[in-house]
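# Working through the structure, step by step
Residues per chain, in single letters:
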Amino acid sequence: MSILVVGSVALDSIETPFGKHDDLLGGSATYFSIAASRFSPVKMVAVVGDDFPEAHIDFLKGRGVDVEGLEVREGKKTFRWRGRYVGDMGEAETLETQLNVFEEFSPDLPESYRETEFVFLANIHPALQSQVLDQMRGPRFVAADSMNLWIDTELDALKDLLPRIDALVINGGEARLLSGEGNLARAASRILEMGPKAVIVKRDEHGVTLFSSGGYFAVPAYPLKEVKDPTGAGDCFAGGFMGSLAREGVVSGSTIRRALVFGSVMASFAVEDFSLEKIKPLTPEEIYRRFEDFKSFTVF
Ligand code: AMP
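To keep things clear, this report deals only with the structure shown in the data block. (Residues numbered from 1 in each chain as written. Predicted model: local features only at pLDDT ≥ 70, side-chain atom pairs only at ≥ 80, totals over all residues. Heavy atoms only, no water.)

### Section: the overall build of the protein
- Across its full length, the protein carries ten helices and 13 strands.
- Its C-alpha atoms give the protein principal-axis dimensions of roughly 55 × 40 × 35 Å.
- Looking at the protein as a whole, 53% of its 300 residues are labelled buried.
- In the protein, 63% of the contacts between residues at least 6 apart in sequence involve partners at least 24 apart. (Helix = DSSP H or I, 4+ residues; strand = E, 2+ residues; numbered from the N terminus. Buried < 20%, exposed > 50% of the residue type's maximum accessible area, 1.4 Å probe, protein only. Contact = heavy atoms within 4.5 Å.)

As structure tokens, this is what we get:
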């Protein structure tokens, strides 16, 4: 089954202890789509300017990503993000955000997108995430990401969205900020009270933890000896997660657990190089080998 994603498509400039690169293909919807399309067809809703290289659009198309919903605005510039990671690279320091085309983005879904069964609302303004949901006809499973910026500045819009989604995918710091609770289990309970059926907490090198009324599940992070660029890890996690779920076509305890492992597999590859360099050439065998590794880490 297909997945619809709305989010950012960006040109990123990134600095880590492993190097500095300008104008890399990035954005939450991009990372998500490239990871998810390894498992299921993806329909993208986003906006870029006329400075966005045609080669990037061809690359997305080549990966089977439907770009009918990718608006190209004439005379406008693509969203740009400049970030830096230092030390253990735990958190990105945003040096510059140029909203450009995003300042006036108002998603209008192509008719062919509206009945998509799996929906991922990647990190953008929560009112825009709701605007996308308003145009969908009864999706089967909706997950959303968010960030500190929206929790701090658009809390009411975020709280309007939460009862409408099945799963909120956020990192530990964001879960604490949203709930006002320092303890993660308490934070998750508070967020579940706000409406989503499940909370998936991304915890960097500690892996990912699922809290829901149906129970608790945790996947460790893959023990990587070298992380070059953490950008997009969360979106690639979400891509593997939603991709696997849509491929199975059934939402149950066991398909969600498998999806959490495929999400962890894709995130582990994403951080091993800049932009999508490591993800691009991956073979299905490499993906499955790492999935089997996760199995061996967690069975006892
Ligand atoms: P992540 O590392 O998962 O947080 O995602 C990084 C991606 O998010 C980068 O490729 C950026 O282009 C994109 N990004 C950064 N800030 C924003 C923002 N305010 N809104 C939407 N996307 C953003």
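This is not the end of the story, as more comes after the structure.
### Side note on the sheet that holds strand β8 (residues 118–121)
- Strand order in this open sheet of nine strands is β5-β4-β1-β8-β9-β10-β11-β12-β13, and the pairing throughout is mixed. One side of each edge strand has no neighbouring strand; the edge strands of this open sheet are β5 (65–73) and β13 (215–219). Within the sheet, the average angular offset between the axes of one strand and its neighbour, ignoring direction, is 15°.
- Summarising the sheet, strand β1 (residues 3–6) and β8 pair through four bridges and their orientation is parallel. Across the sheet, residue I3 finds its bridge partner in β8, namely F118.
- Each of β4 (42–49) and β5 is contacted by helix α2 (residues 54–62), which is oriented at about 160° to β5, the strand it contacts most.
- Its contacts with the sheet place helix α3 (residues 126–134) against β1, β8 and β9 (141–145), and it is angled at close to 160° to β8. (Pairing = 2+ DSSP bridges. Axes fitted to C-alpha atoms, helices over the stretch in contact; angles between N-to-C directions.)

### Digging into the site of the ligand
- As a structural note, the neighbourhood of the ligand is formed by 14 residues, with S8, D12, G27, G232 and D235 the closest of them.
- The separation between a nitrogen atom of the ligand and a polar side-chain atom of S8 is 2.8 Å.
- Within the contact set of the ligand, an oxygen atom lies 2.7 Å away from a backbone nitrogen or oxygen of G27.
- The fraction of the free accessible surface of the ligand (510 Å²) that becomes covered by protein chains is 82%. (Near = heavy atom within 4 Å. Polar contact = N/O pair within 3.5 Å; in protein donor to acceptor, adjacent residues only side chain to side chain. Areas by Shrake-Rupley, 256 points an atom, 1.4 Å probe, with all protein chains shown as cover.)

### Looking at the packing of helix α6 (residues 172–179) against helix α7 (residues 184–193)
- Their axes nearest at 9 Å, the elements α6 and α7 cross at an angle of 60°. Between α6 and α7, the interaxial angle falls into the category oblique. For the element pair α6 and α7, the recorded crossing hand is left-handed. Seen from α6, the contacting residues are G172, A175, R176, L178 and S179; seen from α7, they are L184, A187, R190 and I191. (Parallel < 35°, antiparallel > 145°, perpendicular 65-115°, else oblique. Left-handed = near helix turned anticlockwise from the far one by under 90°.)

### As for the environment of G214
- Within the fold, G214 resides in the loop between β12 (208–212) and β13.
- For G214, a relative accessible area of 75% puts it in the exposed group.

### Let's talk about the packing of helix α8 (residues 233–248) against helix α9 (residues 253–270)
- Look at α8 against α9: their axes get within 7 Å of each other, and the N-to-C directions meet at 145°. Crossing of α8 over α9 shows right-handed handedness. For the pair α8 and α9, contact is made by A233, C236, F237, G240, F241, S244, L245, R247 and E248 and by T255, I256, R258, A259, L260, F262, G263, S264, M266, A267 and A270, respectively.
- Residue classes in the contact of α8 with α9 are distributed as twelve nonpolar, five polar and three charged. (Nonpolar A, V, L, I, M, F, W, Y, C, P; charged D, E, K, R; others polar.)

### A closer look at α2
- For α2, the full list of buried residues reads H56, I57, F59 and L60. Buried residues along α2 cover an arc of 155° about the axis, so they all sit on one side. With respect to the buried face of α2, the exposed residues turned more than 90 degrees away are E54, A55 and G62.
- If you follow the buried residues of α2, they end up packed against β2 (10–16), β3 (19–26), α1 (28–36), β4 and β5.
- Of the residues flanking the end of α2, it is G64, one or two places downstream, whose phi is positive at about 80°. (Arc of directions from axis to C-beta.)

### So, the side chain of S37
- Tracing the backbone through its elements, the reader meets S37 in the loop between α1 and β4.
- Classification of S37 as buried rests on a relative accessible area of 18%.
- Of the polar contacts made by the side chain of S37, one reaches the backbone oxygen of I34; its length is 3.3 Å.
- Setting aside chain neighbours within four positions, we find S37 in contact with V42, R63 and V65.

### Details of the pattern of salt bridges
- Summed over the entire model, instances satisfying the criterion amount to 23 salt bridges.
- Notably, a salt bridge pairs R140 with E117, separated by 3.5 Å at the nearest N-O pair. Taken together, the positions of R140 in the loop between α3 and β9 and E117 in the loop between β7 (93–98) and β8 put the pair 23 residues apart, joining distant regions of the chain.
- Overall, the relative accessible area of 37% leaves R140 in the partly exposed class.
- You can call E117 partly exposed: its relative accessible area is 29%.
- One salt-bridge network, in which partners are shared between bridges, spans D108, E111, R114, E115 and R137. (Salt bridge = Lys/Arg side-chain N within 4 Å of Asp/Glu carboxyl O.)

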